[in-house]
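Listed below are the residues making up each chain.
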Amino acid sequence: MKFMNKLERKFSKYAVSNLTMYLIFGYVAGYVISRLAPEMLNFLILDPNQVLHGQVWRLVTWVLIPPSTQSVLFYAIMMLFYYQLGMNLERTWGVFRYNVYIFGGILYTVIGAVVTWLIMSAMYGDAEIMGILVGSQVSTYYICMSIFLAFAVCYPNMQVMLYFIIPIKMKWMAYVYALLMVLDLVQSTWPRRIVMVMSLLNFGIFFLSTRDLYRYSPKEVHRRKVYRQAVQRPQRAGITKHKCAVCGRTELDDPSLEFRFCSKCAGNYEYCQEHLFTHQHVQQ
């Protein structure tokens, strides 16, 4: 994750806060379009053939296509559910890493759609029809599913009320959804299989490449919260006691920040909780 740490130090200021909220707004807009003018969805799908003919907006507008077209009540409940999951993940991981996770899934989906279209066009020769076929298989359903799976890994023992009645832990729901996705993968066509795998590729890459996953466990998050409360002391205005050596933030910028010295750095270098485990160690 050294590369990720370097990216965070360099580009974290450009990260989009409350990204899940913007995704939900997009889903709502797409749902309204699907109800009032469903034919407009044909101009939003990710059709690689049309993208090459100048309709480049399709690289982005496919994100507006809602993952489901169920009843308004069911759709509202699902969107509220995913909003809560996404916001909790953003608070757990940090804004930048959550941005990388979501935008990574979107990027991999686009790449998967283009690769699928190229393969299908080479096999069957009709690029226009293959573009429509591939575009019809692409949606944000598996982007939402990657949010759910990530949350289940971070909080496996958190209990939710299924249908507001049945108490169930997140890990059991994740096992069921994983089994359903495997069955869908086996029964689907090849274009849909490639899109499914690419849409969830961010989940595999993020967690398989993260060696310090314990940082995101509920116990570790609770421990940091307890420590943060224990070390907080009243400070005189304008005078700071702690300062992060990476981002320069102090307890005056955010009273909830946790600061610690790094035992592996040569010298007295203090870091906030977002950079304590991600900074490059200072050597003599």
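Residues numbered from 1 in each chain as written. Predicted model: local features only at pLDDT ≥ 70, side-chain atom pairs only at ≥ 80, totals over all residues. Heavy atoms only, no water.

Enquirer: Whenever I open this one, the overall build of the protein chain confuses me. Can you help?
Expert: When helices and strands are tallied, the protein chain shows 12 helices and four strands. Taken across its 284 residues, the protein chain has 43% of its residues classed as buried. Residue pairs in contact within the protein chain that sit at least 24 positions apart in sequence constitute 62% of those at least 6 positions apart. With the model as given, the accessible surface of the protein chain reaches about 16,300 Å², and the carbon-plus-sulfur share is 65%. (Helix = DSSP H or I, 4+ residues; strand = E, 2+ residues; numbered from the N terminus. Buried < 20%, exposed > 50% of the residue type's maximum accessible area, 1.4 Å probe, protein only. Contact = heavy atoms within 4.5 Å. Areas by Shrake-Rupley, 256 points an atom, 1.4 Å probe, with all protein chains shown as cover.)

Enquirer: How should the pattern of salt bridges be read in this particular structure?
Expert: Pairing between side chains becomes possible if they bear opposite charge and their charged atoms approach one another. Applying the stated rule across the entire model yields one salt bridge. As a salt-bridge pair, Glu-258 and Arg-260 come within 3.1 Å of each other at their nearest N and O atoms. (Salt bridge = Lys/Arg side-chain N within 4 Å of Asp/Glu carboxyl O.)

Enquirer: Can you help me understand the side chain of Ser-121 in this one?
Expert: By secondary structure assignment, the location of Ser-121 is in helix α6 (residues 95-124). Ser-121 gets classed as buried once you look at its relative accessible area, which sits at 15%. Looking at Ser-121, its side chain comes within polar contact range of the main-chain oxygen of Trp-117, at 2.7 Å. Apart from the residues lying within four places of it in its own chain, the contact partners of Ser-121 are Asp-126, Ala-127 and Met-130. (Polar contact = N/O pair within 3.5 Å; in protein donor to acceptor, adjacent residues only side chain to side chain.)

Enquirer: Is there a simple way to think about the packing of aromatic side chains in this case?
Expert: How two aromatic rings sit relative to each other is set out by the distance from centre to centre and by the angle between their planes. A full pass over the atoms with the stated rule returns nine aromatic pairs. With 6.3 Å between their ring centres and 45 degrees between their planes, Phe-81 and Phe-148 make a pair best called tilted. Of this pair, Phe-81 sits in helix α5 (residues 72-93) while Phe-148 sits in helix α8 (residues 141-154), and the two are 67 residues apart along the sequence. Assessed through its relative accessible area of 1%, Phe-148 is described here as buried. Centroid distance Trp-172 to Tyr-175: 5.5 Å. Interplanar angle 65 degrees. Geometry classified as edge-to-face. Residue Trp-172 and its partner Tyr-175 are both found in helix α9 (residues 170-187); the two are separated by three residues, about one turn of the helix. By way of ring pairs, the aromatic residues Phe-81, Tyr-82, Phe-148 and Tyr-177 are connected into one cluster. (Phe/Tyr/Trp six-rings, centres within 6.5 Å; stacked < 30°, edge-to-face > 60°.)

Enquirer: Just to check I follow, could you spell out helix α2 (residues 19-36) for this structure?
Expert: Every α-helix carries 3.6 residues per turn, so stepping three or four residues along brings you back to the same face. Here α2 contains 18 residues, and its C-alpha end-to-end distance of 26 Å stays within 8% of the 26 Å for a straight helix at 1.5 Å per residue. Buried within α2 we find Leu-19, Thr-20, Leu-23, Ile-24, Gly-26, Tyr-27, Gly-30, Tyr-31, Ile-33 and Ser-34. Those residues of α2 hidden inside the fold are in contact with α5, α6 and α8. (Expected span 1.5 Å × (residues − 1).)

Enquirer: Help me understand the nonpolar core, please; the structure alone is not making it clear to me.
Expert: Side chains that are nonpolar tend, in soluble globular proteins, to be buried together. Counting residues in each nonpolar core, the largest one holds 47 residues, and the members touching the most others are Leu-89, Trp-93, Ile-102 and Phe-148. Elements supplying a minimum of two residues to this core: α2, α5, α6, α7 (127-137), α8, α9, α10 (190-199) and α11 (201-208). Considering every element that reaches this core, the biggest residue donor is α8, with 10 residues. By size, the runner-up hydrophobic cluster in this structure holds eight residues, among which are Leu-257, Phe-259, Cys-265 and Cys-272. (Core = buried A, V, L, I, M, F, W, Y, C linked by side-chain atoms within 4.5 Å.)

Enquirer: Before we go on, may I ask you to explain the packing of α2 against α6 in this structure?
Expert: Two quantities define a packed helix pair, namely the angle between the helix axes and the distance between the axes. Orientation of α2 relative to α6, taken along the N-to-C sense of each, is 30 degrees, at an axis distance of 10 Å. Accordingly, the angle class assigned to the pair α2 and α6 is roughly parallel. Touching Leu-19, Thr-20 and Leu-23 of α2 are Tyr-98, Asn-99, Ile-102 and Phe-103, all from α6. Per-class residue counts for the contact of α2 with α6 are five nonpolar, two polar and no charged. (Axes fitted to C-alpha atoms, helices over the stretch in contact; angles between N-to-C directions. Parallel < 35°, antiparallel > 145°, perpendicular 65-115°, else oblique. Nonpolar A, V, L, I, M, F, W, Y, C, P; charged D, E, K, R; others polar.)

Enquirer: What is the right way to read the packing of α5 against α6 from this model?
Expert: α6 packs onto α5 with a crossing angle of 125 degrees between their chain directions and a minimal axis gap of 6 Å. Between α5 and α6, the crossing angle belongs to the class labelled oblique. Note on element contacts: α6 touches α5 through Val-95, Arg-97, Tyr-98 and Tyr-101, opposite Gly-86, Leu-89, Glu-90 and Trp-93. In the contact of α5 with α6, the residues fall into five nonpolar, one polar and two charged.

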